[in-house]
Amino acid sequence: MQLQVAVLTLTLWLPAFSALAQASAPSPSQPESVQQFIELIANPDVQKWLLDQAAPSQAAERPAAPHIEPDISFAGFTMRLRSHMASLFDASQSFPSQTMQAADLLNQEIRESRGIRPTFLVAAFLAVGLLAQWLFRRLTVGWRAWMAQAPFSTVHERTLAVGTRLLWAACYLASFAIGSIGFFLLFAWPPLIREIVVGYLLAIVVFRLASALVTVLLAPPGSTDPTLHIHRVIPVSDAAAAHWAKRAVYLIGWYAFGWVTIRLLGTMGFSIPAQQLVAYSLGLVLLAIGIEAVWRRPQASTLTEQRPRISWRAKNTLWTLYFVAIWILWVVGAMKLFWLAVVIAALPGSVILAKASVNNMLGAKDAYGDDGSTTTVLSVIVERGIRAGLIIGSIVFLADVLGVELTEMTMQDSPTLRLVRGILSAGIIVLAVDLIWNVTKVLIDRKLGQTQVMFEIGSEQERRRARIRTLLPILKNVLMILLVAIAVMMGLSSLGVEIGPLIAGAGVVGVAIGFGAQTVVKDVISGMFYLLDDAFRVGEYIQSGSYKGTVESFSLRSIKLRHHRGPIFIVPFSELGAVQNMSRDWSVVKFMLTVSYDADIAKVKSITKTVGKTLKDDEEFLPFIIENLKMKGVEEFTDYGIKLSFGMTLKPTQLQSAIRRRAYAMLREAFKQNGIEFAQPTVQIGGDDKNPAAAAAQIQLQAQQREAAIGALAK
């Protein structure tokens, strides 16, 4: 540090010491060491070394210039606009003289190239490029025939067909570029002529590239390939495809021609205002193409009679005003507003167009299976990826145009700049999270869709299917909450908010909520343990206390049970308690029948065995019967008959009641055919067995007395 201070001090005194050494000769009274010091200071090499040593110290001590955000000044904008328009006016007056100077420069190079004009060279090498294209078409007849007959039904076939067409278009364009630009570069030409010819040949290549891409994407009708519309990537009508294909090619071609022209004007010595004047004039043609495309576009046919909110003419008028407005912004030099307006209008349309194209290419029945699903994992990844790329690219582009550094944050930044930076960064985070969520959602929904097919009851595949249908919806909800929390935290961090204290505060609040909502916490924790124990699955019939029914779905804290009579119970997990699962492995169906004391028990057992065999032979019930219906034995002697026990072992199914009812009906018919009577409660009235005639007479006498009493009452 001391050495740096000394060097800096000597550097500051260098001019004085040098002047002193040059002004006077050394005095005899001066000490010899002083004279040597003065001579060293006057030495140019010593001075240069001292200056080199002092430069880093000065740079280190110089304070960094604070970042000052320019304030928005309407007066300053007005002055800049006035200066810009004045320069354009001066350029219009000096444009003829600049044109004469450029013509003289061009004529000089034409004379050096033996009088060959650039227009002739462009035409000649354009013809060479077209000849190369013609040869390429002749050599690829088989390739084009295969593309015309290529299938276009599955995702693989569509991707292969479009990729093959793009490859053929690239090779077709490369043949033109090699035949025109490549052949021209084989010869030595003057610099200006080389720039002119290569520039306009490059513009023609861009024009033909746009034509090839538009042909692949829109497949306009009227081409030499009659099957081209089948391979259309962007789903539009034939009229719309023909209209927009022609205007898009003209627009891109004219832009390429104008860009090359402006660059060549700069090469030939035109001033920047003169170049801007020509650019604005050429931009009028782009404006005319855009307005003409809007007003002459085909109207989309609507199937409903409801009138749109904005009429067709009003929409066209708004688009015309928009095009005129952005052209005016370009002319007056308000480039930030110009690019902002362009991005705001172009981004939504690009996203919608990309989504429609991806769904058209990847959204139909694909190679994964003909399940009728229009949303596949591939289509979601591609569509969301393209959308995220477009939006992120727009954000980065606008940040560059507006002068916003997305990755740097300084203390000198204004709150507005920090807010804009945070919003742009948060937008990127939301897009990334949205892509992850949609891919995850489609994967889970697709897996759930595959579980719609039922397997044999009790099999390992069926148990796995039920397990998946139980856990995946819960996993989906948990992932959604997790991704939303991550997105919120990262978004707040990008806005400059310290999320560390927020996380700590959230922990404290979570503890407080846990104490205040113990029932909810108990429900969630109980549900986790029920799922870990695999106590029940979606589609199983369970009973817990007074609640019973088929499990329909879960949430984080409750379960939905559909009763067999229709009502649905929403039961918190903490209220379930012990669960009786009636849909696991097997179940025994038991019932009781009472026959008379005169029935032959052995015969009843034989009849039951025959009925059980017949019941199992039924194709409807065969997959669900494990053990046939059989009579277990005598269960009880009642006052009027013998109670018999019957049972059969079934797989857990909703047809248990139907099987039991069918068994009842078959047993009744079999008992009736074999003389087995069901016991009925009866009352027998009788007297002494030794005098039955007296008992009968007594009964007849009582009947006569009742009739006489009734007759007396009637009189």
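Structure: see above.
All values derive from a computational prediction rather than experimental measurement.

Scoring rules and cut-offs
- Residues numbered from 1 in each chain as written.
- Predicted model: local features only at pLDDT ≥ 70, side-chain atom pairs only at ≥ 80, totals over all residues.
- Heavy atoms only, no water.
- Patch = residues over 30% accessible without salt bridge, like charges linked within 9 Å, V, L, I, M, F, W, Y side chains within 5 Å.
- Areas by Shrake-Rupley, 256 points an atom, 1.4 Å probe, with all protein chains shown as cover.
- Salt bridge = Lys/Arg side-chain N within 4 Å of Asp/Glu carboxyl O.
- Helix = DSSP H or I, 4+ residues; strand = E, 2+ residues; numbered from the N terminus.
- Buried < 20%, exposed > 50% of the residue type's maximum accessible area, 1.4 Å probe, protein only.
- Pairing = 2+ DSSP bridges.
- Axes fitted to C-alpha atoms, helices over the stretch in contact; angles between N-to-C directions.
- Parallel < 35°, antiparallel > 145°, perpendicular 65-115°, else oblique.
- Contact = heavy atoms within 4.5 Å.
- Nonpolar A, V, L, I, M, F, W, Y, C, P; charged D, E, K, R; others polar.
- Phe/Tyr/Trp six-rings, centres within 6.5 Å; stacked < 30°, edge-to-face > 60°.
- Lys NZ or Arg CZ within 6 Å of the ring centre and 35° of its normal.
- Left-handed = near helix turned anticlockwise from the far one by under 90°.

### Notes on a nonpolar patch on the surface
(1) Moving on: A cluster of nonpolar side chains, namely Leu202, Val206, Leu251, Ile252, Tyr255 and Trp259, defines an oily patch on the protein surface of about 540 Å² accessible area.
(2) Moving on: Of all the secondary structure elements, the ones that give two or more residues to the nonpolar patch are helix H9 (191-218) and helix H10 (238-267).
(3) Moving on: At four residues, the largest contribution of residues to the nonpolar patch is made by H10.
(4) Moving on: Within the secondary structure, Val206 sits in helix H9.
(5) Moving on: Residue classification places Val206 among the partly exposed positions, given a relative accessible area of 30%.

### Here's the deal with the pattern of salt bridges
(1) Moving on: Counted according to the given criterion, the structure contains nine salt bridges.
(2) Moving on: Note that Arg247 and Glu292 form a salt bridge whose closest N and O atoms lie 2.6 Å from each other. Separated by 45 residues along the polypeptide, Arg247 in helix H10 and Glu292 in helix H11 (residues 272-295) bring together distant segments of the chain.
(3) Moving on: Judged by its relative accessible area of 26%, Glu292 is partly exposed.
(4) Moving on: Taking the shortest distance from any N to any O, the salt bridge between Arg387 and Asp434 comes out at 2.3 Å. Taken as a pair, Arg387 in helix H14 (residues 377-402) and Asp434 in helix H15 (residues 415-450) lie far apart in primary sequence, 47 residues in all.
(5) Moving on: Relative accessible area serves as the criterion here: at 22%, Asp434 is assigned to the partly exposed category.
(6) Moving on: Three or more residues are tied together by salt bridges with common partners; here these are Glu383, Arg384, Arg387 and Asp434.

### So, the sheet that holds strand S1 (residues 541-544)
(1) Moving on: Within the open sheet, the five strands sit side by side as S4-S3-S2-S1-S5. Their pairing is antiparallel. If you trace the sheet from one side to the other, it starts and ends with strand S4 (568-572) and strand S5 (580-581), each paired once.
(2) Moving on: Of the strand pairs in this sheet, S1 and strand S2 (residues 547-554) are connected by four bridges, and their pairing is antiparallel. By the bridge assignment, Ile542 is partnered in S2 with Gly549.

### What to know about the packing of helix H6 (residues 118-139) against helix H7 (residues 141-149)
(1) Moving on: Direction vectors running N to C along H6 and H7 enclose 65 degrees, while the axes themselves pass 5 Å from each other. For the element pair H6 / H7, the angle class is roughly perpendicular. Here Phe136, Arg137, Arg138 and Leu139 of H6 lie close against H7, whose contacting residues are Val141, Trp143 and Arg144.
(2) Moving on: Here the contact of H6 with H7 is built from residues that sort into four nonpolar, no polar and three charged.

### A word on the packing of aromatic side chains
(1) Moving on: All told, the structure shown has 17 aromatic pairs when counted by the stated rule.
(2) Moving on: Look at Phe136 and Tyr172: their rings are 6.2 Å apart centre to centre, the planes differ by 45 degrees, and that puts the pair in the tilted class. With Phe136 in helix H6 and Tyr172 in helix H8 (residues 155-184), the pair connects residues that are 36 residues apart, well separated along the chain. Here the two residues Phe136 and Tyr172 agree in accessibility, since each one is buried.
(3) Moving on: Centroid distance Trp319 to Tyr322: 5.8 Å. Interplanar angle 85 degrees. Geometry classified as edge-to-face. With Trp319 and Tyr322 both in helix H12 (residues 312-332) and three residues apart, this pair spans about one turn of that helix.
(4) Moving on: An aromatic cluster is defined as three or more aromatic residues linked by ring pairs; in this entry it consists of Phe136, Trp168 and Tyr172.
(5) Moving on: Over the face of the ring belonging to Phe176 we find Arg208, whose NZ or CZ atom lies 5.3 Å from the ring centre.

### As for the pairing of strand S8 (residues 642-650)
(1) Moving on: Along S8, eight of the nine residues are buried, which leaves the element largely enclosed by surrounding structure.
(2) Moving on: Here strand S7 (residues 625-637) pairs with S8 via eight bridges, running antiparallel. Directly across from Val634, in S8, lies its bridge partner Leu644.
(3) Moving on: Two successive antiparallel strands, S7 and S8, enclose a turn made up of four residues.

### Quick word on the sheet that holds S7
(1) Moving on: Strand order in this open sheet of three strands is S6-S8-S7, and the pairing throughout is antiparallel. Of all strands in the sheet, those bounded by a partner on one side alone are strand S6 (587-595) and S7. Strand after strand, the sheet turns through a mean of 20 degrees between neighbouring axes, direction not considered.
(2) Moving on: The sheet contacts of helix H19 (residues 601-617) involve S7 and S8, and relative to S7 the element is tilted by about 160 degrees.
(3) Moving on: In this fold helix H20 (residues 656-673) packs onto S6, S7 and S8, with an angle of close to 30 degrees to the strand it touches most, S6.

### Quick notes on the packing of H12 against helix H13 (residues 335-362)
(1) Moving on: Between H12 and H13, the shortest axis-to-axis distance is 8 Å and the interhelical angle comes to 150 degrees. Overall, the two elements H12 and H13 adopt an arrangement that is roughly antiparallel. At the point where H12 passes H13, the crossing takes the left-handed sense. Where H12 approaches H13, its residues Tyr322, Ile326, Leu329 and Trp330 are matched on the opposing element by Met335, Leu337, Phe338, Ala341, Val342 and Ala345.
(2) Moving on: Of the residues in the contact of H12 with H13, the class split is ten nonpolar, no polar and no charged.

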